[in-house]
Amino acid sequence: VVYGFLNVIEYFTGFITYWIPFYFVFKLVFVIWLMLPSTRGAEQLYNKGLKTMANHLASTGSAAQTPAAPKTNSTVPASTAANVKTE
C-alpha cells in the first residue's frame, strides 16, 4: 500500500523529480527504510499517515453514502427454512 502510494505520487510529479539531484538515491534509501524489518518503516508510515488520512476521508463522506441493506435471493423466511426436512 505504501509503495503503491509512493508510485502514484511519483507518477504525477515525475517531471519535477527528474530535475532534483540525487532523487533516485534518496528514493532508494527511503524504500530500503520502508522494507527493513528492524525499522518497520512501511508499517509506521501506514499507521501514522495513510491510515489516518483514509479514516479522515471516509468520515467526511456525505450522509447519502450510507450502505444499502444486504440483498437476499431467498423467498422462504429463515424460520420456515430451518424446519424443512430433506430426505
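For the structure itself, consult the block above.
Below is a summary of the structure that appears in this document. (Residues numbered from 1 in each chain as written. Predicted model: local features only at pLDDT ≥ 70, side-chain atom pairs only at ≥ 80, totals over all residues. Heavy atoms only, no water.)

**Side note on helix α3 (residues 23–35)**
Step number 1: Taking 1.5 Å as the rise per residue, α3 with 13 residues should run 18 Å; its terminal C-alpha atoms sit 18 Å apart, in good agreement.
Step number 2: As for α3, its buried residues are in contact with α1 (2–12), α2 (14–17) and α4 (41–59). (Helix = DSSP H or I, 4+ residues; strand = E, 2+ residues; numbered from the N terminus. Expected span 1.5 Å × (residues − 1). Contact = heavy atoms within 4.5 Å.)

**Here we look at the packing of aromatic side chains**
Step number 1: For the structure shown, the criterion picks out four aromatic pairs.
Step number 2: Considering the side-chain rings of Tyr11 and Phe12, the 5.1 Å spacing of their centres and the 80° angle between planes classify their relative orientation as edge-to-face.
Step number 3: Residue classification places Phe12 among the exposed residues on the basis of a relative accessible area of 56%.
Step number 4: Ring centres of Tyr18 and Trp19 lie 5.3 Å apart, and the angle between their planes is 85°; on these two criteria the pair is classed as edge-to-face.
Step number 5: Accessibility expressed as a relative area gives 58% for Tyr18, which makes it exposed. (Phe/Tyr/Trp six-rings, centres within 6.5 Å; stacked < 30°, edge-to-face > 60°. Buried < 20%, exposed > 50% of the residue type's maximum accessible area, 1.4 Å probe, protein only.)

**Observations concerning the pattern of salt bridges**
Step number 1: In total, this model carries two salt bridges according to the counting rule given.
Step number 2: Between Glu10 and Lys27 there is a salt bridge, with the nearest N and O atoms lying 2.5 Å from each other. Of this pair, Glu10 sits in helix α1 while Lys27 is found in helix α3, placing the two residues 17 residues apart along the sequence.
Step number 3: Across the pair Arg40 and Glu43 runs a salt bridge whose closest N-O atoms are separated by 2.7 Å.
Step number 4: Of the residues examined, Arg40 reaches a relative accessible area of 47% and is grouped as partly exposed. (Salt bridge = Lys/Arg side-chain N within 4 Å of Asp/Glu carboxyl O.)

**Re α1**
Step number 1: Residues Val2, Leu6 and Glu10 constitute the buried set of α1. End-on view of α1: buried residues confined to an arc of 75°, all on one side of the axis. Exposed side of α1, more than 90 degrees from the buried face: Tyr11 and Phe12 are the residues found there.
Step number 2: Among the structural elements, α2, α3 and α4 are those in contact with the buried residues of α1. (Arc of directions from axis to C-beta.)

**Concerning the packing of α3 against α4**
Step number 1: Following both chains from N to C, one finds α3 and α4 inclined at 90°, their axes separated by 5 Å at the closest point. By the angle between their directions, the pair α3 and α4 is classed as roughly perpendicular. Here Phe30, Trp33 and Leu34 of α3 come into contact with α4, specifically with Gly41, Ala42, Gln44 and Leu45.
Step number 2: Of the residues in the contact of α3 with α4, the class split is five nonpolar, two polar and no charged. (Axes fitted to C-alpha atoms, helices over the stretch in contact; angles between N-to-C directions. Parallel < 35°, antiparallel > 145°, perpendicular 65-115°, else oblique. Nonpolar A, V, L, I, M, F, W, Y, C, P; charged D, E, K, R; others polar.)

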